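# Reading the structure
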Amino acid sequence: MNKIVLVTGATSGFGEAIAEIYAKNGLNVIITGRRKERLELLKSHLENNYQTKILALNFDVRDKNAVFNAINSLPEEWKNIDILINNAGLALGSSPIQEGNIDDWETMIDTNVKGLLYVTKAVAPVMIKNNKGHIVNIGSTAGKEAYPGGNVYCGSKHAVQGITDGMRQDLVQYGIKVTQICPGMAETEFSLVRFKGDKEKADNVYKGVTPLTAEDVAQVTFFVTSGLAQHVEIRDLVMSCQQQANSFVVHRKSE
Ligand code: NDP
Ligand code: 8X3
């Protein structure tokens, strides 16, 4: 059996592109997400285009029973996961803290922090048993520096950074690598989700900029997990488009 990678949030954006790059390179991929129809479409697309096996698991990372049931009942040939990509996540809103929507806060924390923890706890035992594995957590530049209106989203990504550093220390003795990848602004469905379907607001985020694409992030993810010698570990990687110097300085060109 080829190596196995599990990607959370594979129905769109980074996760979809990450699933594709692994499939293209012959790994067997477990794709997960809430939107079942999209999972099935992606599974057919990948199986029709690449010589690899795809397994679709439909669950919400916030639902801990669903996470553990799905992973604990993997068919025998899919159990030995080599690479876990904790990618599922979202931002909701950009209100200042005093105007924030509490349901949105809870959704972000439950998905970006607790969901990542549940999936990791479900997958880590098999990596420990095998004395090998690689966990990649998709953080964000928002986890490096908070920005106005980013409050809870930025906090959730700062938590991803702390959790990543902690789990690396817990898992080092088992030969498991742990990496955080922190992209800056990238054009996916992220802003459409953040602004709850308001396309004009979402498009404005990328105005005058050539942002990162999902494929850019997938390339880097593939490289850190598959392009390096076994003894080499990338612990933390920050990437952005050239026009973004940090969360505050974006050099926009008029169109
Ligand atoms: P998209 O909105 O395009 O993709 C998000 C993915 O997460 C979807 O596949 C979605 O699947 C999944 N997801 C969201 N909530 C849940 C849930 N409760 N359970 C399971 N899956 C879920 O955004 P991106 O690809 O841009 O985002 C991917 C990750 O990258 C996120 O963690 C985001 O915070 C991070 N990020 C994004 C940046 C950007 O500018 N785009 C920059 C830096 C980091 P479904 O809805 O089907 O469940
Ligand atoms: C997504 C990047 O700058 O919108 O994590 O927070 S940003």
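Residues numbered from 1 in each chain as written. Chains lettered and ligands numbered in written order. Predicted model: local features only at pLDDT ≥ 70, side-chain atom pairs only at ≥ 80, totals over all residues. Heavy atoms only, no water.

On to the site of ligand 1. Close to ligand 1 lie 30 residues, the nearest being T11, S12, R34, Y153 and T188. With respect to ligand 1, the backbone of F14 contributes an N or O atom lying 2.8 Å from an oxygen atom. Isolated, ligand 1 exposes 870 Å² of accessible area, and the fraction of that covered by the protein chains is 96%. The set of elements that each furnish at least two residues to the shell around ligand 1 consists of α1 (13-24), α5 (151-171) and α6 (190-194). Of the residues belonging to the shell around ligand 1, the class tally is twelve nonpolar, twelve polar and six charged. (Near = heavy atom within 4 Å. Polar contact = N/O pair within 3.5 Å; in protein donor to acceptor, adjacent residues only side chain to side chain. Areas by Shrake-Rupley, 256 points an atom, 1.4 Å probe, with all protein chains shown as cover. Helix = DSSP H or I, 4+ residues; strand = E, 2+ residues; numbered from the N terminus. Nonpolar A, V, L, I, M, F, W, Y, C, P; charged D, E, K, R; others polar.)

Okay, the site of ligand 2 next. Surrounding ligand 2, one finds S140, A142, Y147, Y153, F190 and R194. One nitrogen or oxygen atom from the side chain of Y147 is found 2.5 Å from an oxygen atom belonging to ligand 2. Y153 is positioned with one of its side-chain polar atoms (N or O) 2.6 Å from an oxygen atom of ligand 2. With the chains in place, 83% of the 240 Å² that ligand 2 exposes on its own is no longer accessible. For the shell around ligand 2, the class distribution of residues is four nonpolar, one polar and one charged.

Here we come to the nonpolar core. Considering soluble globular proteins, one finds that nonpolar side chains tend to be buried as a cluster. Core analysis: the largest hydrophobic core is formed by 36 residues, its most contacted members being V5, Y22, V29, I31 and I85. Elements that contribute at least two residues to this core include exactly β1 (4-7), α1, β2 (28-33), α2 (36-49), β4 (83-86), β5 (133-138), α8 (214-226) and β7 (236-239). The element that contributes the greatest number of residues to this core is α1, accounting for seven residues. With near-sequence residues (within four places) excluded, Y22 lies in contact with V5, L27, V29, I83, I85, T221, F222, T225 and S226. Counting 27 residues, the second-largest nonpolar core is a separate cluster that includes L84, V123, M167 and I176. (Core = buried A, V, L, I, M, F, W, Y, C linked by side-chain atoms within 4.5 Å. Buried < 20%, exposed > 50% of the residue type's maximum accessible area, 1.4 Å probe, protein only. Contact = heavy atoms within 4.5 Å.)

Counting across every chain of the model gives ten salt bridges. For R38, the salt bridge goes to E189, with nearest N and O atoms at 2.9 Å. On the criterion of sequence distance, the pair formed by R38 in helix α2 and E189 in the loop between β6 (176-183) and α6 is long-range, its members being 151 residues apart. By relative accessible area, which is 30% here, R38 ends up partly exposed. Here D236 ties to K144 by a salt bridge, and the two come within 2.3 Å at their closest N and O atoms. Linking D236 in strand β7 with K144 in the loop between β5 and α5, this pair joins segments that are 92 residues apart in sequence. Counted as one network, the salt bridges with shared partners bring together R35, R38 and E189. (Salt bridge = Lys/Arg side-chain N within 4 Å of Asp/Glu carboxyl O.)

Quick look at the sheet that holds strand β3 (residues 54-58) now. Overall, parallel pairing links the seven strands, which are arranged β3-β2-β1-β4-β5-β6-β7 in an open sheet. Whereas interior strands pair on both sides, the edge strands pair on one side only; in this sheet they are β3 and β7. On average, adjacent strands in this sheet sit at an angle of 15° to one another, irrespective of strand direction. Where β4 lies against β5, four bridges are found, and the strand directions are parallel. The partner of N86 across the bridge, within β5, is N137. (Pairing = 2+ DSSP bridges. Axes fitted to C-alpha atoms, helices over the stretch in contact; angles between N-to-C directions.)

Just geometry here; none of it tells us what the structure is for.
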